[in-house]
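The chain contents come next:
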Amino acid sequence: LTPKEAAEKWPVLEQIAEEYKVELAGPALTWGFEPLSDGKIYGAPEAWMDEFISEYKKLNKNREPRYDYIVLHSYMDYPSAVMWFCSTYGNRYNKKVLLTEFCAWDQDPNQIPHQDKNEQITAMTQKVEAMDTEEIVEGYAWFMSHAEAEKIPYNSVFTKKGSDGSLTDLGKVYLYMTDVSRNRTFTTKEIIPAYEYASSSNYNTTVGEKCDDGLRFNTPVGIMPATDRGDKKLYKKIPLELGNFSNKRFANYKVNIPSSKKYTVSLRIMTDREELYIISADGKEIVQKEIPSTKGKWKTVTLEAELNEGIQEIQIKTLGNARTAKFYWFTIE
């Protein structure tokens, strides 16, 4: 629609929203470089949106149109670009953002994430983590549900169209990751899934860029489908793990500590090299321990840590250069 066409139709949507007492999302905006029916090429989202507001005011006695959210679509490959997009237009129009379509599918052939399945998953997890912790983003929805699952841009949630609903790896990660509350507080003696962190190094793309055998983790593999099937009940309960949890990777969790004393921290991990594990509480390092290689097998290892009473931000971090380093869950007892 042209801005004028949308402005003419908008009062109908306002009336419906008022009648049913529901919030009203604004017109969905993205970059556009093809002429609309009025012959104009609008390019940047604000060119269209500003004209829409102007046309609406002309038709409605200078009254501003009602819309409760700015709605955006973004297919930019890199998370930093998507977050710039959301913050720029949320702030410009002083509204929270609904990103109702997003994935990595940049038209620039030099952009990498949309050309590789694992890179698409990683870029998605970084975007979700960033949006979950960014107040200006109210909600988001992936694009798309079914496509060529094994072809560029590898953005299909389902394995194929018309299937029984079986999920691709991306679909599994998206489904379970987006069900996590970043504000959740865990308790001692509870099995805490590694992927249910409050914040992590996943979105920090500068972490772990260099290690002793060259350049790695430029786009880190953060979250992936669980591979530890030793306990079938836990495997069903905890569907995801942290992958490549090495070389300065970290994850933060809110844990309610009932009393000040020494606790045993048990970590479910897999490494192919010795790793230094560091545990901090509210930013203060309290213990570090060299953990021998698990030789590529899942193993539960323990550390002793002095923790104070109260809700603590517990950080688990590694310093090492393992090629295989995975983190599944932990407990504090």
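Our subject in this report is the structure included herewith. (Residues numbered from 1 in each chain as written. Predicted model: local features only at pLDDT ≥ 70, side-chain atom pairs only at ≥ 80, totals over all residues. Heavy atoms only, no water.)

### Observations concerning the overall build of the protein
Scanning the protein for helices and strands turns up six helices and 18 strands. C-alpha atoms of the protein, sized along the principal axes, occupy 70 × 45 × 40 Å. In the protein, 70% of the contacts between residues at least 6 apart in sequence involve partners at least 24 apart. Accessible surface, the protein: about 16,900 Å² in total, of which carbon and sulfur atoms supply 49%. Both charge centroids of the protein, one from 43 positive and one from 49 negative side chains, sit 5 Å from each other. (Helix = DSSP H or I, 4+ residues; strand = E, 2+ residues; numbered from the N terminus. Contact = heavy atoms within 4.5 Å. Areas by Shrake-Rupley, 256 points an atom, 1.4 Å probe, with all protein chains shown as cover. Lys, Arg positive; Asp, Glu negative; His and termini not counted. Charge placed at Lys NZ, Arg CZ, Asp CG, Glu CD.)

### Considerations on the pairing of strand 17 (residues 310-319)
The sheet contact formed by strand 12 (residues 250-257) and strand 17 spans eight bridges and is antiparallel. Within strand 17, the residue paired with V255 across the bridge is Q312. Relative to strand 17, strand 14 (residues 275-281) is paired through six bridges, and the arrangement is antiparallel. In the strand pairing of strand 17, I279 is matched with I316. (Pairing = 2+ DSSP bridges.)

### Examining the nonpolar core
Counting residues in each nonpolar core, the largest one holds 79 residues, and the members touching the most others are M49, L242, Y253, L267, F327 and F330. For this core, the element with the most residues is helix 3 (residues 79-93), which contributes six residues. (Core = buried A, V, L, I, M, F, W, Y, C linked by side-chain atoms within 4.5 Å. Buried < 20%, exposed > 50% of the residue type's maximum accessible area, 1.4 Å probe, protein only.)

### Side note on the packing of aromatic side chains
Summed over all chains, the structure comprises 14 aromatic pairs. Considering the side-chain rings of W48 and F52, the 5.5 Å spacing of their centres and the 15° angle between planes classify their relative orientation as stacked. Here F52 and W48 lie together in helix 2 (residues 45-59), a separation of four residues that amounts to about one turn. As far as burial versus exposure is concerned, W48 and F52 are alike and both buried. Taken together, F102, Y140, W142 and Y174 form an aromatic cluster joined through their ring pairs. The ring of Y67 has K95 lying over it, and the distance from NZ or CZ to the ring centre is 4.9 Å. (Phe/Tyr/Trp six-rings, centres within 6.5 Å; stacked < 30°, edge-to-face > 60°. Lys NZ or Arg CZ within 6 Å of the ring centre and 35° of its normal.)

### Examining unusual backbone geometry
One can expect most non-glycine residues to show negative phi and most peptide bonds to be in trans. Each neighbour pair has its own omega, and for F143 with M144 the value is 20°, a cis peptide bond. The omega angle of the peptide bond from I152 to P153 is 15°, so this bond is cis rather than trans. Positionally, P153 belongs in the loop between strand 4 (137-142) and helix 5 (169-177). Even without a glycine there, the phi angle at N62 is positive, about 70°. Within the secondary structure layout, N62 lies in the loop between helix 2 and strand 2 (69-74). The exposed category is assigned to N62, whose relative accessible area is 57%. At D282, a residue that is not glycine, the phi angle is positive and equals roughly 50°. Inspection of the secondary structure puts D282 in the loop between strand 14 and strand 15 (284-291).

Limitation: the analysis is restricted to geometry and does not speak to function.
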